[in-house]
Amino acid sequence: MFKLNGTVFMPSVLTLVGIPGLESVQAWIGIPFCAMYIVALFGNSLILVIIKSERSLHEPMYLFLAMLGATDIALSTCILPKMLGIFWFHLPKIHFDACLLQMWLIHTFQSIESGILLAMALDRYVAICHPLRHATIFTHQLLTQIGVGVTLRGALLVAPCLILIKCRLKYYWTTVVSHSYCEHMAIVKLAAEDTRINKIYGLFVAFSILGFDIIFITVSYIQIFITVFSLPQKEARLKAFNTCIAHICVFLEFYLLAFFSFFTHRFGFHIPPYIHILLSNLYLLVPPLLNPIVYGVKTKEIRDRASKIFHSKDTS
């Protein structure tokens, strides 16, 4: 690592600040973050075990939920161990290449989660609007293709962000990252060179993935609501609508937090930096925490299986 004219050439190690402005209380902030991670890990693992062990739940809706749970576990695990290392053990150093890998994993899993949410919306659309064709459309082969497709989409679209940083940006003003994990814009802002291409491509990835998915999710649910409200029987309308409530809650929590974090990070210049970082952390931690809770409460089949598991443990 060489310094030239006040800049650093190709840093080998970066320093993660954590939450700028709240360094003195980071140890306390780590406690609820750790609790959220443990609950998310337990809840999503429980859903995976229930779906795997119950053959009656090997249906598209539940298999998509299993994909979502696995993605949530991977996403939260990408950031929490290092974050708690910063908060509790004062280990802010991270190798530059490891930081880029973490950045790629985080944004890839975000993209995968968005793709799975889109697939779940399309599954509900076909199940409610075209119920007779649902079994022939959403086959296990299609589910496998969707899983592979959303994974490749995220991995391949995010990879150029990593390559552009590694190959284009040689000089950096500082090696101190004002963040608690390696985020694309947080790294790009360190560079002492022209970063317009990096910023433009980052925006392209964000809008091509989140924007595309939100549009199709919105269209799907407009069609679902039109079909539901046109049903002649009130009981049928309530049953169809009830199956969508959990999905709508998950969509709202994920995309509202995503866009709130995205816009405050780029355009909220008058908002204190610690607000930006806290929102970014919550965006990655809250959905993995709430998703199993929402589906556990609203999905009767999962709720019944979970109660059987704990009931059998209590009786033994």
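Where an unreviewed UniProt entry is consulted, the chain appears under the name Olfactory receptor, with the organism given as Myotis myotis. The Sequence similarities (unreviewed entry) field of the UniProt record for the chain holds the comment "Belongs to the G-protein coupled receptor 1 family."

**Q** What exactly am I supposed to notice about the overall build of the chain here?
**A** Helix and strand content of the chain: ten helices and six strands. Rg of the C-alpha trace for the chain: 22 Å, near the compact-globule value of 20 Å for 316 residues, within the 12% margin. Dimensions of the chain, computed from the C-alpha atoms along their principal axes, are close to 75 × 50 × 35 Å. Counting all 316 residues of the chain, 48% fall into the buried class. For the chain, contacts bridging at least 24 residues in sequence account for 79% of all contacts bridging at least 6. Looking at the chain as shown, the accessible area adds up to about 15700 Å², and 72% of this sits on carbon and sulfur atoms. Positive and negative charge centroids in the chain, built from 24 and 16 side chains respectively, lie 2 Å apart.

**Q** Which parts of the structure should I look at to understand the UniProt feature "transmembrane region" (unreviewed entry) in the chain?
**A** Annotation from UniProt places "transmembrane region" (unreviewed entry) at residues 27-51, 63-89, 101-122, 142-165, 200-228, 240-262 and 274-297. Taken end to end, residues 27-51 is 100% helix and 0% strand, and its two terminal C-alpha atoms sit 36 Å from one another. Counting secondary structure, residues 142-165 comes out at 100% helix and 0% strand; the distance between its end C-alpha atoms is 35 Å.

**Q** Explanation requested: the environment of Ala155 in the structure shown.
**A** Checked against the element boundaries, Ala155 lands in helix α5 (residues 140-168). A sequence separation of 76 residues divides Ala155 from Ile79, and the C-alpha atoms of the two residues are 17 Å apart. The residues contacting Ala155, other than those within four sequence positions of it, are Trp104 and Thr108.

**Q** How should the packing of aromatic side chains be read in this particular structure?
**A** Centre distance and the angle of the planes are the two values used to describe a pair of aromatic rings. Scanning all chains against the criterion turns up twelve aromatic pairs. Between Tyr201 and Phe204, the ring centres sit 5.7 Å apart and the planes meet at 40°, which makes this aromatic pair tilted. Residue Tyr201 and its partner Phe204 are both found in helix α7 (residues 196-229); the two are separated by three residues, about one turn of the helix. Taking the relative accessible area as the measure of exposure, Tyr201 reaches 18% and is therefore buried.

**Q** Just checking my understanding: could you explain the pattern of salt bridges for this structure?
**A** Two side chains of opposite charge can pair, provided their charged atoms sit close to one another. Within this structure, the stated rule accounts for five salt bridges. Measuring nitrogen to oxygen at the nearest pair gives 2.9 Å for the salt bridge that ties Asp213 to Arg153. Here the residue Asp213 occupies a position in helix α7, and Arg153 occupies one in helix α5, the gap between them amounting to 60 residues. The closest approach of N and O atoms between Asp194 and Arg196, which form a salt bridge, is 2.9 Å.

**Q** Can you help me understand a nonpolar patch on the surface in this one?
**A** A cluster of nonpolar side chains, Val25, Trp28, Ile31, Trp88, Phe89 and Leu91, forms an exposed patch at the surface whose accessible area comes to about 650 Å². Going through the elements one at a time, α1 (26-53) and α2 (60-89) are the ones with two or more residues in the nonpolar patch. Residue position: Leu91 is located in the loop between α2 and β4 (93-95).

**Q** Any chance you could explain the environment of Val25 here in plain terms?
**A** Inspection of the secondary structure assignment puts Val25 in the loop between β3 (13-16) and α1. Looking at Val25, the relative accessible area reads 34%, which means it is partly exposed. Taking the C-alpha atoms as reference points, Val25 and Phe87, 62 residues apart in sequence, are found 8.6 Å from one another.

**Q** What am I meant to see in the state of the cysteines here?
**A** Such a bond, covalent and formed between the sulfur atoms of two cysteines, is termed a disulfide. The full count for this structure, using the stated rule, is one disulfide. Here Cys99 engages in a disulfide with Cys182; their sulfurs sit 1.9 Å apart. Across the S-S bond linking Cys99 and Cys182, the dihedral sits near -115°, which makes this disulfide left-handed. Here Cys99 is found in helix α3 (residues 96-129), whereas its partner Cys182 is found in the loop between β6 (176-177) and α6 (184-188), with 83 residues between them in sequence.

**Q** Hey, could you run me through the nonpolar core in this one?
**A** A general feature of soluble globular proteins is that nonpolar side chains tend to end up buried together. Counting 90 residues, the largest nonpolar core has Phe33, Ile51, Leu68, Ile79, Leu117, Ile165 and Ile217 as its most contacted members. The biggest single contributor to this core is α3, with 16 residues. Aside from chain neighbours lying at most four places away, what touches Phe33 is Leu80, Met83, Phe87, Leu278, Asn281, Leu282 and Leu285.

**Q** Looking at this structure, I do not really get the sheet that holds β4. What am I missing?
**A** Each strand in a sheet pairs with its neighbour through backbone hydrogen bonds, running either in the same direction (parallel) or in the opposite one (antiparallel). In spatial order, the strands read β4-β3-β6; together these three strands make up an open sheet with mixed pairing. Where the open sheet ends on each side, the last strands, each with one partner, are β4 and β6. Bridge count for β3 against β4 is three bridges, and the pairing is antiparallel. Paired with Leu14 across the strands is Ile94, a residue of β4. Where α3 meets the sheet, its contacts fall on β3 and β4, and the angle it forms with β4 comes to roughly 85°.

**Q** Is there a simple way to explain α2 in this structure?
**A** At 3.6 residues per turn, the α-helix brings residues three or four places apart onto the same side. If you check α2, its first and last C-alpha atoms are 43 Å apart, about what 30 residues at 1.5 Å a residue would give, namely 44 Å. The sharpest bend along α2 reaches about 30° and sits at Thr77, with the proline Pro81 one to four residues further on. Along α2, 22 of the 30 residues are buried, which leaves the element largely enclosed by surrounding structure. Residue His90 follows α2 closely and has a positive phi angle near 55°.

Definitions and cut-offs
- Residues numbered from 1 in each chain as written.
- Predicted model: local features only at pLDDT ≥ 70, side-chain atom pairs only at ≥ 80, totals over all residues.
- Heavy atoms only, no water.
- UniProt positions renumbered as here; feature names shortened; annotations may be inferred.
- Helix = DSSP H or I, 4+ residues; strand = E, 2+ residues; numbered from the N terminus.
- Rg over C-alpha atoms; globule rule 2.2 N^0.38 Å.
- Buried < 20%, exposed > 50% of the residue type's maximum accessible area, 1.4 Å probe, protein only.
- Contact = heavy atoms within 4.5 Å.
- Areas by Shrake-Rupley, 256 points an atom, 1.4 Å probe, with all protein chains shown as cover.
- Lys, Arg positive; Asp, Glu negative; His and termini not counted.
- Charge placed at Lys NZ, Arg CZ, Asp CG, Glu CD.
- Phe/Tyr/Trp six-rings, centres within 6.5 Å; stacked < 30°, edge-to-face > 60°.
- Salt bridge = Lys/Arg side-chain N within 4 Å of Asp/Glu carboxyl O.
- Patch = residues over 30% accessible without salt bridge, like charges linked within 9 Å, V, L, I, M, F, W, Y side chains within 5 Å.
- Disulfide = S-S within 2.5 Å.
- Core = buried A, V, L, I, M, F, W, Y, C linked by side-chain atoms within 4.5 Å.
- Pairing = 2+ DSSP bridges.
- Axes fitted to C-alpha atoms, helices over the stretch in contact; angles between N-to-C directions.
- Expected span 1.5 Å × (residues − 1).
- Bend = angle between axes of the 7 residues up to and from the residue.

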